[in-house]
Amino acid sequence: MDPTQHRKAARPCDARRVLVLQGGGALGAYQAGAYQALCHHDFEPQWLAGISIGAINAAIIAGNPREQRVEKLKQFWEMASSPVPWQPLLRDDHVHSLFNETSAAMIATFGVPGFFTPRFPPTHLLPSGKPSNLSYYDTAPLRSTLERLVDFDRLNHNGIRLSVGAVNIATGNFVYFDTTKQIIGPEHIMASAALPPGFPAIEIDGEHYWDGGVASNTPLDYVLDCEQRDDLLIFQVDLFSSRGRLPETLLEAAEREKDIRYSSRTRLNTDKNKMIHNTRKALRDLIDRLPAELRDDPAYAILHQAAQENTVTVVHLIYRKRDYEASSKDYDFSRLNMVEHWKAGEQDVYVSMRDQSWQRAPQDGETMVTWDLTRDAFE
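Keep in mind it's a predicted model, so treat the numbers as computed, not measured.

Visitor: Talk me through the pattern of salt bridges; I want residue IDs and the actual numbers.
Guide: By the definition in use, this model includes 14 salt bridges. For the salt bridge of D178 with R161, the shortest nitrogen-to-oxygen distance reads 2.8 Å. Of this pair, D178 sits in strand 6 (residues 174–178) while R161 sits in strand 5 (residues 161–168), placing them 17 residues apart in sequence. By the burial criterion, D178 is buried, and R161 matches it. Note that R261 and E257 form a salt bridge whose closest N and O atoms lie 2.7 Å from each other. Here R261 pairs with E257, and both are found in helix 9 (residues 250–262), just 4 residues apart, close to one helical turn. A relative accessible area of 43% places R261 in the partly exposed class. E257 sits in the partly exposed class, given a relative accessible area of 40%. Several salt bridges converge on common partners, so that one network encompasses D42, E44, R66 and R69.

If you want it as structure tokens, here you go:
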């Protein structure tokens, strides 16, 4: 086969399978639940791309044999979720919201076992000029957790590509650590999850990095930029919805602002990439009609190369907030919410899998299609 030609898939399910995981802190249990349900449908990712908590989930998946991945994810989320000693006695939204805010305040005060602990003495009493002192929490427990739950030798050599995003503090540039380019260790996963000012910067080879969500919270663009030959089936698991209702309270306004900030304009990015893909298709159709005498022109070779594209199907799985959740939802690591988020991820996968629409090949000359099969009525 000509190496310049992309490998075609008769159906989306025959394409190269990619799992894209957005950042979102405590909401990451939704991704773990989604992965468990995807396993039930025999979806085995060949490429994992994640940012922040998405990078942690991706590392656990890539760093374990298939039969152990869900159990390892459960171990992480059970350890990272705080078993608050009381539960809301009433199920109305007001009481549940009060419970969530109280739980989040306790976690902000005492940290999360196996993930992060408050600095002592507090950061403002520590000397300046040291990067590790520029955060409220110490993430050393996260390194120990990753080393216990992730086989990094397997992660780097099991044939599954792993890409995690971070931001170089000095240059401000977005960087992806990728198993096709380097050996990935715990520090690379921690760098992707080093959200300031809560978590400290991570030093790698003399450079310091922050959470990739500082620049872009969704690694979809990286996947599409890197792979323009093989057809792709992408399950994109987002933890913040770019769309929502007009807030009615200050708490709702803070929560909505965070959704907009960290959703990374999911639909804008997918719409932009759809336009690029379909423009390439139109360009290829046009240059194929050029007369033979123009095909020796150097410009033809440039245009022909630019017109090469693959077929991409993106299935969105987007966590939608409950009415009782506020801006603390991404750092409320209570066991109750972890279980709810995990079940929501499972449910959304089952709903999506019941719909056969996404399993059809793109129609009418399209080369990239996106599906959101669980969207709310207001979307």
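This is not the end of the story, as more comes after the structure.
Visitor: Give me the packing of helix 3 (residues 69–80) against helix 12 (residues 335–354): which residues, what numbers.
Guide: Between helix 3 and helix 12, whose axes approach to 10 Å, the crossing angle comes to 150°. Here helix 12 runs roughly antiparallel to helix 3, going by the angle between their axes. Across from V70, L73, K74, W77 and E78 in helix 3, the residues of helix 12 making contact are R335, M338 and W342. Counted by class, the contact of helix 3 with helix 12 contains 5 nonpolar, no polar and 3 charged residues.

Visitor: How would you summarise the packing of aromatic side chains if you had to cite specific residues and measurements?
Guide: This model, assessed by the stated rule, comprises 17 aromatic pairs. Measuring from ring centre to ring centre gives 5.2 Å for F177 and Y209, while their planes differ by 80°; the resulting arrangement is edge-to-face. Of the two residues, F177 sits in strand 6 while Y209 sits in strand 8 (residues 207–211), which places them 32 residues apart along the sequence. Classification of Y209 as buried rests on a relative accessible area of 8%. Three or more aromatic residues joined by ring pairs make a cluster, and in this case those are F76, W77, F115, F116, Y137, F199 and F333. A cation over a ring is seen here: R161 above W47, with NZ or CZ 4.1 Å from the ring centre.

Visitor: Break down the environment of A170 for me, citing the residues and quoting the values.
Guide: With respect to the secondary-structure elements, A170 resides in the loop between strand 5 and strand 6. Each C-alpha atom of the pair A170 and E207 lies 7.7 Å from the other, and the pair is 37 residues apart in sequence.

Visitor: Kindly report on the packing of helix 1 (residues 29–40) against helix 2 (residues 53–62), identifying the contributing residues and their values.
Guide: Two numbers describe how helix 1 lies on helix 2: the axes approach to 9 Å, and their chain directions differ by 35°. For the pair helix 1 and helix 2, the crossing hand works out as right-handed. Facing Q31, A32 and Y35 of helix 1, the residues of helix 2 in contact are I53, G54, N57 and I61.

Rules and cut-offs
Residues numbered from 1 in each chain as written. Predicted model: local features only at pLDDT ≥ 70, side-chain atom pairs only at ≥ 80, totals over all residues. Heavy atoms only, no water. Salt bridge = Lys/Arg side-chain N within 4 Å of Asp/Glu carboxyl O. Helix = DSSP H or I, 4+ residues; strand = E, 2+ residues; numbered from the N terminus. Buried < 20%, exposed > 50% of the residue type's maximum accessible area, 1.4 Å probe, protein only. Axes fitted to C-alpha atoms, helices over the stretch in contact; angles between N-to-C directions. Parallel < 35°, antiparallel > 145°, perpendicular 65-115°, else oblique. Contact = heavy atoms within 4.5 Å. Nonpolar A, V, L, I, M, F, W, Y, C, P; charged D, E, K, R; others polar. Phe/Tyr/Trp six-rings, centres within 6.5 Å; stacked < 30°, edge-to-face > 60°. Lys NZ or Arg CZ within 6 Å of the ring centre and 35° of its normal. Left-handed = near helix turned anticlockwise from the far one by under 90°.

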